[in-house]
Amino acid sequence: MIRAALAFLAVLIATPAAAQVKPTAVLLNGLAMYQPNSMTPLAPLADDLRRQGWRVIMDTHFMMRADDEEPVVIIGHSAGGGKALEFAARQKERTLFEPTVITLDAAPAWRCPVKTCINLKTPFYPPVAGAMNIDAGRLSNPLLPHVTVALSEAARRIILRETARLLPKK
């Protein structure tokens, strides 16, 4: 195990910075989104994150692709938001690393299990206990619908600002 870790570090040090591993962002779609594809509300955000320098794993609230990942940031919409909070708790327990969690109208009855949680919510969704709750409707449209909160320019700007802070300094 130690030899493998040292070998990985040697390769990492010898690898040019441009080719080094990017930090991972996991995006979890909500209840009605059973396939993580380009037609989901989080897809435009995934493209923005890739341009920002992230390795992006798109998944659903079923966690078919991302369960074994160790992301730096977990972003979830609706039921995917509830799953993001649950996933962060498991990761904290499993690896002792606390990812940043950003939720958009997270499914009710969840509590933030890590230090840094941001919940962008529409007026009809409850706040997430322990998170910085931001009224997404006040940022753009007071009647912002739940299904389009992830497509809101104001919400995307906040998410991209927060994720930029998490990237390694160049």
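Refer to the structure above for everything that follows.
Keep in mind it's a predicted model, so treat the numbers as computed, not measured.

Enquirer: Help me understand helix H3 (residues 79-95) in this model?
Expert: Helical periodicity: at 3.6 residues per turn, an α-helix aligns residues three or four positions apart in one direction. Its 17 residues give H3 an end-to-end C-alpha distance of 24 Å, which sits within 8% of 24 Å, the value for a rise of 1.5 Å per residue. Those residues of H3 not exposed but buried are Gly80, Gly81, Gly82, Ala84, Leu85, Phe87, Ala88 and Gln91. Summarising the contacts, the buried residues of H3 are in contact with strand E1 (24-28), strand E3 (73-77), strand E4 (100-104) and strand E5 (117-121).

Enquirer: Can you help me understand the sheet that holds E5 in this one?
Expert: Backbone-to-backbone hydrogen bonds pair the strands of a sheet. The strands run either parallel or antiparallel. The six strands lie next to each other as E2-E1-E3-E4-E5-E6, forming an open sheet whose pairing is parallel. Looking at strand neighbours, the two that pair on one side only are strand E2 (55-59) and strand E6 (132-135), the edges of this open sheet. Pairs of neighbouring strands in the sheet enclose a mean axial angle of 15°, with direction left out of account. Across five bridges, E1 lies against E2 in parallel orientation.

Enquirer: Explain the environment of Leu49 to me, please; I cannot follow it from the model alone.
Expert: Here Leu49 is to be found in helix H2 (residues 43-52). Leu49 sits in the buried class, given a relative accessible area of 0%. Distance from Leu49 to Thr163, taken between C-alpha atoms, is 8.0 Å for residues 114 residues apart in sequence.

Enquirer: Even after reading the chapter, I still don't get empty space enclosed by the protein, so can you show me in this structure?
Expert: If you roll a probe as big as a water molecule over the atoms, it shows you where there is empty space left. For the structure on display, the rule yields one cavity of 30 Å³ or more. Reported here for the largest cavity is a volume of approximately 30 Å³. The wall of the largest cavity is formed by Ala106, Ala107, Pro108, Ala109, Trp110, Pro126, Pro127 and Val128.

Enquirer: Honestly, the nonpolar core in this entry has me stumped. Any pointers?
Expert: For soluble globular proteins, the rule of thumb is that nonpolar side chains tend to be buried together. Leu27, Leu49, Ile75, Leu104 and Leu120 are the most contacted members of the largest nonpolar core, which has 25 residues in total. Listing elements by their share of this core, those giving two or more residues are E1, H2, E2, E3, E4, E5 and helix H5 (153-166). The dominant element in this core, judged by the number of residues it contributes, is H2, at four residues. Within the second largest apolar cluster, 17 residues are counted, among which are Val26, Leu28, Ile57 and Val114.

Enquirer: Explain the environment of Gly76 to me, please; I cannot follow it from the model alone.
Expert: In this fold, Gly76 is placed in strand E3. Taking relative accessible area as the criterion, Gly76 reaches 0% and is therefore assigned buried. A C-alpha to C-alpha distance of 8.5 Å links Gly76 and Asp105, two positions 29 residues apart in sequence. Excluding anything up to four places from it in sequence, Gly76 contacts Leu28, Gly81, Ala84, Ile102, Thr103 and Leu104.

Enquirer: I would appreciate a short explanation of the pattern of salt bridges in the present structure.
Expert: Side chains bearing opposite charge may pair, as long as their charged atoms lie close to each other. Under the counting rule described, the total for this entry stands at 11 salt bridges. One salt bridge in this structure joins Arg156 and Asp48, with 2.5 Å as the shortest N-O distance. Note that Arg156 is positioned in helix H5 and Asp48 in helix H2, a separation of 108 residues in sequence. For the pair Arg156 and Asp48, one class covers both residues: buried. Note that Arg165 and Glu162 form a salt bridge whose closest N and O atoms lie 3.2 Å from each other. Pair noted here: Arg165 and Glu162 are both in helix H5, with a separation of three residues, about one helical turn. A residue is classified by how much of its surface remains accessible, and Arg165, at 54% relative accessible area, is exposed. Looking at Glu162, the relative accessible area reads 15%, which means it is buried. The structure contains a network of salt bridges with shared partners spanning Asp48, Arg51, Glu153 and Arg156.

Analysis parameters
- Residues numbered from 1 in each chain as written.
- Predicted model: local features only at pLDDT ≥ 70, side-chain atom pairs only at ≥ 80, totals over all residues.
- Heavy atoms only, no water.
- Helix = DSSP H or I, 4+ residues; strand = E, 2+ residues; numbered from the N terminus.
- Expected span 1.5 Å × (residues − 1).
- Buried < 20%, exposed > 50% of the residue type's maximum accessible area, 1.4 Å probe, protein only.
- Contact = heavy atoms within 4.5 Å.
- Pairing = 2+ DSSP bridges.
- Axes fitted to C-alpha atoms, helices over the stretch in contact; angles between N-to-C directions.
- 1 Å grid on protein atoms, 1.4 Å probe; cavity = no way out; pocket = protein on both sides within 12 Å on 5 of 7 lines; lining within 4 Å.
- Points joined across faces, edges and corners; volume = space filled by probe spheres on them.
- Core = buried A, V, L, I, M, F, W, Y, C linked by side-chain atoms within 4.5 Å.
- Salt bridge = Lys/Arg side-chain N within 4 Å of Asp/Glu carboxyl O.

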